[in-house]
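Chain and residue survey
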Amino acid sequence: MGQTNPKVVARLKRKRRVRKNILGVSERPRLSVFKSSRHIYAQIIDDQKGQTLIAASTLSKQLRSEATSLKKTEAARMVGKLLAEKAKTIGISQVAFDRNGFLYHGRIKELADSCREHGLDF
């Protein structure tokens, strides 16, 4: 096997360090974020039941056509808005934010700020 990318290794170390302190329960589920080079994905998870309650991404049907013409940070903002609106419909107002080892700036920060603006508390 080849060598592993050191940036990926560092992110996974940060992920393990953060995840040992964050647990999504039914009163306060976990908002997990993942970003690839093109897309951003967010989901609200109840770790006690082991199920995803809500998911949104730039590949969602509602955003797919719009997200292709936007900048990545603007697309992340749209994903945050969509996720917060979906969370309101099923009665979720508080979440525990899991940045998944990614640094809190850029697209991750935009998604979090957008969720906060549209009613999620974390």
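All residue numbers here refer to positions counted from 1 along the written sequence of the relevant chain. Confidence filtering applies because this is a predicted model: local features only for residues at pLDDT of at least 70, side-chain atom pairs given and counted only at 80 or more, and all residues used for totals across whole chains, interfaces and linings. In computing side-chain values, all of the structure's heavy atoms are included and hydrogens and water are not.

**Section: the pattern of salt bridges**
The condition is simple: A side-chain nitrogen of Lys or Arg and a carboxyl oxygen of Asp or Glu constitute a salt bridge if their distance falls within 4 Å. In this text, helices come from DSSP runs of H or I with a minimum length of four residues, and strands from runs of E with a minimum of two, each type numbered from the N-terminal end. Accessibility here uses a 1.4 Å probe with only protein chains present; expressed as a share of the type maximum, an area under 20% marks a residue as buried, one over 50% as exposed, and anything in between as partly exposed.
Counting across every chain of the model gives eight salt bridges. When the shortest N-O distance is used, the salt bridge between Asp113 and Lys109 registers 3.1 Å. One end of the pair is Asp113 and the other is Lys109, both in helix α4 (residues 107–117) and four residues apart, which spans about a single turn. Given the relative accessible area of 18%, Asp113 is considered buried. Arg116 is paired through a salt bridge with Asp113; the nearest N and O atoms lie 3.5 Å apart. With a gap of three residues between them, Arg116 and Asp113 both fall in helix α4, about one helical turn apart. Residue Arg116 is classed as partly exposed on the basis of its relative accessible area, which comes to 36%. One network of salt bridges, with partners in common, ties together Arg19, Arg30, Asp47 and Asp98.

Such coordinate-based values are descriptive only and should not be taken to indicate function.
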